[in-house]
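These are the residues of each chain, in order.
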2 protein chains.
Amino acid sequence: MLEPELSVAKDKILIVEDEEAIRDMLGYALMKEGFNCDEAADAEQARNTIESSRPNLILLDWMLPGMSGIDYARRLRNVPETRDIPIIMLTAKGEEADKVRGLETGADDYITKPFSTKELIARVKAVLRRYSSSTDTSIIEVNGLVLDPETYRVTANGQDIEISPTEFKLLHFFIGHPERVYSRTQLLDHVWGENVYVEERTVDVHIRRLRKTLEPYGFDRYIQTVRSVGYRFSTR
Amino acid sequence: MLEPELSVAKDKILIVEDEEAIRDMLGYALMKEGFNCDEAADAEQARNTIESSRPNLILLDWMLPGMSGIDYARRLRNVPETRDIPIIMLTAKGEEADKVRGLETGADDYITKPFSTKELIARVKAVLRRYSSSTDTSIIEVNGLVLDPETYRVTANGQDIEISPTEFKLLHFFIGHPERVYSRTQLLDHVWGENVYVEERTVDVHIRRLRKTLEPYGFDRYIQTVRSVGYRFSTR
DNA sequence: CTCTTATGTGACAAAACTATGAAAGAAATT
DNA sequence: AATTTCTTTCATAGTTTTGTCACATAAGAG
């Protein structure tokens, strides 16, 4: 269910909308898609929320009490801290806006109410995709053991190794951070993700499996146990 | 593997938009980004310009005097000379989302006014990037599997394969980007286009059908599943 | 050497993913 | 307008992977 190529941490979305019904609706739809949502009814609240938990994207209503959404967007663009947060504008269907003025908006996308949640989700994801930095895709090689994130392949002396997703991620992490010991907890954080509830001993099992798949090629000896501490990837 | 950044020659962009203010504004923004721009106020002018200097991309206003943008887009698609020129539609915000959906048949992307120049540039570049690498009109051949974008034809060892449009596009993309894994989302972005609201699972179905049509010739094994990530085209 | 604690392993049910057939919807053709 | 071809979605079946246990082993401490 989770997006494989995106970051492990959930994206935070701030909804700035004065109508509670719509706000809740948006929040619910996004939540259900696995996003983390903050809500604000006006620019004032929004500012507080942005400071405390920095959102990855802002859904901004065009009409806000006090300050129009477009002015607020412009203001967000003028502050270094918020300049790079993508904004999707929400506008009511009837509103006729000055086109040229609109062109200058700081928004990255634009949705006209009423809209389907499907469309909303699609746009939110599209914008986040555009903005998310590309994952590290460089090929890593150690003594004939090659891991290529781009093709999702692991080869030992040119020969393809069949490897499961978690083993791949584990090996990827290890091979990218060699010679250093990691506790089970640290491995869970880095490989499984920060908010994952999994037994520590599960790491052992995956270490075992990784060793098993590397064994035919003799690379299992690189996965080393450091008793009472954790595991390490080392070529020594 | 990086996308070949062949920006030696500037990309030419044709702007078809009746409102002069917007046309100039777009032209200026694109020019500043290093693009070469032609401008046209209606379909008539556009046709002339296309003949004389063939653009690499067309920005097309939804509402044109005389002929609607969508009709014009469809017409461009029916002529071999212009079939492969990507089109980005400019739509005013009033237009219904489902109408926009319909337009996706002809356009590669669309932008809803108002939009930021940042957004415009990003989309233009995205579309060009997509096209420069995959819609090369040169014939591609891999171990007897031949794909000819010019004639929309695929042959296996000289024998014609019947293939549907989407399968063709999918295969075209794959064959032009071999070995690398693509998530379903990425495939949707590249093959279907960035703003298409289609279920991820739909990709599976098309993969399946592509495999089925390639199966009689043994090429189905090139379409590989990478569990928990996506699919890849590989001859290994 | 014995006890205590930490790690290695095989097994297995649950969970996650993918393949596939079929139906409903759209679009293109005739 | 009717027919045919493609697309998309849905439901379901089929596989693979994962997280935990329970127990076997191994490493240290005293």
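Residues numbered from 1 in each chain as written. Chains lettered and ligands numbered in written order. Predicted model: local features only at pLDDT ≥ 70, side-chain atom pairs only at ≥ 80, totals over all residues. Heavy atoms only, no water.

Participant: Now, about the protein's contact with DNA strand D: what can you tell me, with residues and values included?
Facilitator: As a matter of local geometry, DNA strand D sits amid 25 residues, with T166 and R209 of chain A together with T166, T202 and R209 of chain B nearest to it. For DNA strand D, a phosphate oxygen lies 3.1 Å from a polar atom in the side chain of H206 of chain B. (Near = heavy atom within 4 Å. Polar contact = N/O pair within 3.5 Å; in protein donor to acceptor, adjacent residues only side chain to side chain.)

Participant: So what's going on with the sheet that holds strand 11 (residues 223–226) of chain A? Residues and values would help.
Facilitator: Residue and element names in this part refer to chain A. Read across the sheet, three strands follow the order 10-12-11 without closing on themselves; strand pairing throughout is antiparallel. Edge positions in the sheet fall to strand 10 (181–182) and strand 11, since each has one partner strand and no second. Relative to strand 12 (residues 230–233), strand 10 is paired through two bridges, and the arrangement is antiparallel. When the sheet's bridge partners are listed, V181 is paired in strand 12 with R232. Of the strands in this sheet, strand 10, strand 11 and strand 12 are in contact with helix 7 (residues 165–176), which crosses strand 12 at around 70°. (Pairing = 2+ DSSP bridges. Helix = DSSP H or I, 4+ residues; strand = E, 2+ residues; numbered from the N terminus. Contact = heavy atoms within 4.5 Å. Axes fitted to C-alpha atoms, helices over the stretch in contact; angles between N-to-C directions.)

Participant: Break down the domain arrangement of chain A for me, with residues and values.
Facilitator: Segmentation of chain A into domains returns domain 1 (12–131) and domain 2 (140–233). Placing the centre of domain 1 of chain A and that of domain 2 of chain A at their C-alpha centroids yields a distance of 40 Å. (Domains from an automatic or database assignment.)

Participant: Could you give an account of helix 7 (residues 184–192) of chain B, naming the residues involved and the relevant values?
Facilitator: Inspection of helix 7 of chain B places R184, T185, L187, L188, D189 and V191 of chain B among the buried residues, and these make up the whole buried set. Following helix 7 of chain B by one or two positions, G193 of chain B adopts a phi angle in the positive range, close to 115°. (Buried < 20%, exposed > 50% of the residue type's maximum accessible area, 1.4 Å probe, protein only.)

Participant: I'd love a proper account of helix 8 (residues 184–192) of chain A, names of residues and values included.
Facilitator: Within helix 8 of chain A, burial applies to L187, L188, V191 and W192 of chain A. In a view along the axis of helix 8 of chain A, the buried residues occupy a sector of 100°, so they form one face of it. (Arc of directions from axis to C-beta.)

Participant: Requested: an account of the sheet that holds strand 9 (residues 159–161) of chain A, with residues and values cited.
Facilitator: All names here are of chain A. The strand order across the open sheet built from four strands is 6-7-8-9, with neighbouring strands paired in antiparallel fashion. At either end of the open sheet lies a strand with only one pairing partner, and these are strand 6 (140–142) and strand 9. Across this sheet, the average inter-strand angle for adjacent strands is 25°, counted without regard to direction. Relative to strand 9, strand 8 (residues 153–156) runs antiparallel, the two being bridged by three bridges. The partner of T155 across the bridge, within strand 9, is D160. Against the sheet, helix 7 makes contact with strand 6, strand 7 (145–148) and strand 8, and its axis sits at roughly 110° relative to strand 7, the strand it touches most.

Participant: Before we move on, can you summarise the packing of helix 6 (residues 165–176) of chain B against helix 7 of chain B with the specific residues and values?
Facilitator: The packing of two helices is summarised by the inter-axis angle and the distance between the axes. All names here are of chain B. One can describe the packing of helix 6 onto helix 7 by two numbers: an axis separation of 10 Å at closest approach and a directional angle of 110°. The angle between the axes of helix 6 and helix 7 places the two elements in the roughly perpendicular class. Counting all contacts with helix 6, which are made through T166, K169, L170, F173 and F174, the residues of helix 7 involved are L187, H190, V191 and W192. Class assignment for the residues of the contact of helix 6 with helix 7 results in six nonpolar, two polar and one charged. (Parallel < 35°, antiparallel > 145°, perpendicular 65-115°, else oblique. Nonpolar A, V, L, I, M, F, W, Y, C, P; charged D, E, K, R; others polar.)

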